[in-house]
Amino acid sequence: MVWVLAVSPVLGIIAMAMSLTHLAPIATSVLFDDGTTRQFALSMAVNFAAGFLLWFGTRKHKRELSLREGILLVVFVWTGGAVFAAVPLLLGIPGLSFTDAYFEAASGLTATGATVLSGLDQLPPSLNLWRAELQWLGGMGVIVLVVAVLPMLGVGGRQITKSEIPGPMKEDQLTPRLTQTAKGLWLIYAALTLACILSYRVAGMNWMDALIHGFTTLSLGGFSSHDASLGYFDSPAIEAIAIFFMLLAGINFATHFMVWRGKSLSPYHRDTEVRYFLLVVVISVLGIALFLWLSGVYPQFLTALRYAAFNIVSVGTTTGYSTADYNFWPVFAPLWVLFLGTFLSCSGSTGGGIKMMRAIILYRQVYREFKKLAHPNAMVPLKVAGQVVPNQVVFAVLAFFFMWVVMLVSMTLILGWSGLDAMTAFSAVVASLSNIGPGLHQVGPATNFAVLSDFQTWVCTFAMLLGRLELFTFLIVFTPAFWRK
């Protein structure tokens with residue numbers, strides 16, 4: 001109970017701050033006269049009032065947060081934040097159930113991109129912008145944004161950030177003060193988003209489409225304002241822009257920060273993750289394009305290359321846009337595309353999945369075991385980028401991967417038990433747990449998650465939150481040990 005009281009004032013501050021995010025859709029609603037102004041205003045008032053009451057009632061308990069309290073805060077922000085984010089959807093879309101509204105909001109905040117909505121082309125522009133804005137905020141993490149403000153309010157951010165940020169950024173501060181780091185990362189994020197928006201506009205999108213897709217490209221979220229996703233535009237130029245910015249967003253933002261600070265591209269070359277990331281992308285694009293061409297899916301290799309490149313980069317980086325229904329590709333191709341989404345994105349990027357750094361460590365651990373079998377007495381250190389990886393890090397990665405597989409198998413079995421066919425159940429869990437968005441078969445790129453029952457929708461919602469918070473941050477809250485003093 002003491003821990004809950006300690007995080008409550010911070011939750012209240014975050015809720016009040018996040019209520020301001022309603023201003024953009026309110027302005028959009030007024031501009032387009034789309035009939036949702038009152039709904040967004042009411043949602044904003046409810047959000048602010050709840051945050052104020054929570055802060056006012058517990059402000060005397062404000063103090064520096066422990067690691068355990070930081071974890072608790074992160075879980076409350078993501079799960080509770082989705083409740084508040086669902087309110088405009090409930091008020092603005094007639095007949096939408098709370099289950100579907102929460103799923104859509106959670107999909108936005110976790111930058112997953114799975115949707116239960118259809119008729120997006122006719123949806124009020126303010127609601128489409130709200131969905132995109134949720135993804136943009138969730139892409140880098142709401143906590144990382146607020147951590148730049150919390151120190152001024154007397155609440156340190158270090159423990160929060162350790163709970164939220166995956167990969168190397170947990171260990172290495174990029175600037176002497178954590179606040180400066182958070183601001184620097186958001187500066188890079190915002191600058192790339194602006195560049196993406198302007199590029200889309202120049203390529204032919206209108207300003208609203210460019211804004212929405214700029215938000216959802218850099219967040220690697222994949223929400224679109226059209227049911228046909230980016231396939232609606234049928235534009236090689238727009239697809240090329242999307243590929244470029246999705247690749248940038250799939251790289252560790254700490255690396256972008258180092259490039260910007262040092263005014264040199266050398267950090268990209270030195271980053272082992274980036275090299276593997278780009279190598280896997282190039283091999284996959286060329287290989288799948290050749291496979292599709294030889295299989296007769298596309299009559300020309302350049303056509304196959306166009307569709308393979310876009311959809312591989314989109315799903316591989318866990319964005320989830322589509323320009324083709326790859327459900328109809330020969331089964332190897334969509335399975336490979338889905339597989340890439342489980343690990344391709346770099347740690348510290350806005351992507352989901354296991355992350356490339358963990359995949360590299362797992363691969364090198366397997367290679368080390370082979371060498372030790374051949375030479376039992378040899379000392380074989382595991383190295384990445386010339387640095388020895390401590391065994392405790394290797395063990396942590398192995399534990400993470402084991403738990404990831406356990407959750408994948410468990411939830412696939414649960415969905416299968418609930419009546420879904422094997423391919424739909426498996427791909428829905430992979431797509432949710434890796435924050436990819438579309439899966440295969442009934443939840444493929446040409447359909448959406450509306451085909452699921454309420455129970456199945458909640459399973460996928462849990463998987464999205466679990467994947468976004470990198471499993472242990474979420475699961476530890478359900479263990480008795482976490483609540484023991």
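Residues numbered from 1 in each chain as written. Predicted model: local features only at pLDDT ≥ 70, side-chain atom pairs only at ≥ 80, totals over all residues. Heavy atoms only, no water.

## Here we look at the nonpolar core
A general tendency of soluble globular proteins is for nonpolar side chains to be buried together. Formed by 139 residues in total, the largest nonpolar core has its most connected members in Y200, W329 and F449. Counting residues per element, this core draws most heavily on helix α4 (residues 67-92), which supplies 11 residues. Every residue in contact with W329, bar those within four places of it in the chain, is listed here: I288, L292, V297, Y298, Y307, A308, N311, A324, P334 and V337. (Core = buried A, V, L, I, M, F, W, Y, C linked by side-chain atoms within 4.5 Å. Buried < 20%, exposed > 50% of the residue type's maximum accessible area, 1.4 Å probe, protein only. Helix = DSSP H or I, 4+ residues; strand = E, 2+ residues; numbered from the N terminus. Contact = heavy atoms within 4.5 Å.)

## Describing the confidence of the model for the chain
A low pLDDT score tells you not to read the predicted coordinates there in detail. Within the chain, residue pLDDT values average 88, and 91% of them lie at 70 or more. For the chain, the element scoring lowest by mean pLDDT is helix α8 (residues 158-164), at 48; helix α11 (residues 236-249) scores highest, at 97. The low-confidence segment residues 164-171, where pLDDT is below 50, has 21 contacts with residues more than four positions distant or belonging to other chains. (pLDDT = per-residue confidence, 0-100.)

## Details of the side chain of N435
Residue placement: N435 occurs in the loop between α19 (422-433) and α20 (454-468). Taking the relative accessible area as the measure of exposure, N435 reaches 2% and is therefore buried. Polar side-chain contacts of N435 include one of 2.9 Å to the side chain of T112. Once residues lying within four places of it in the same chain are set aside, the contact partners of N435 are T110, A111, T112, T318, G352, M464, G467 and R468. (Polar contact = N/O pair within 3.5 Å; in protein donor to acceptor, adjacent residues only side chain to side chain.)

## Things to note about the pattern of salt bridges
Within this structure, the stated rule accounts for five salt bridges. For R306, the salt bridge identified is with E239, shortest N-O distance 2.8 Å. Of this pair, R306 sits in helix α15 (residues 301-316) while E239 sits in helix α11, and the two are 67 residues apart along the sequence. K355 serves as the salt-bridge partner of E470, at 3.0 Å between the closest nitrogen and oxygen. With E470 in the loop between α20 and α21 (472-475) and K355 in the loop between α16 (332-340) and α17 (356-374), the pair connects residues that are 115 residues apart, well separated along the chain. This pair shows no difference in class: E470 is buried, exactly as K355 is. Connected via shared salt-bridge partners are D234, E239 and R306. (Salt bridge = Lys/Arg side-chain N within 4 Å of Asp/Glu carboxyl O.)

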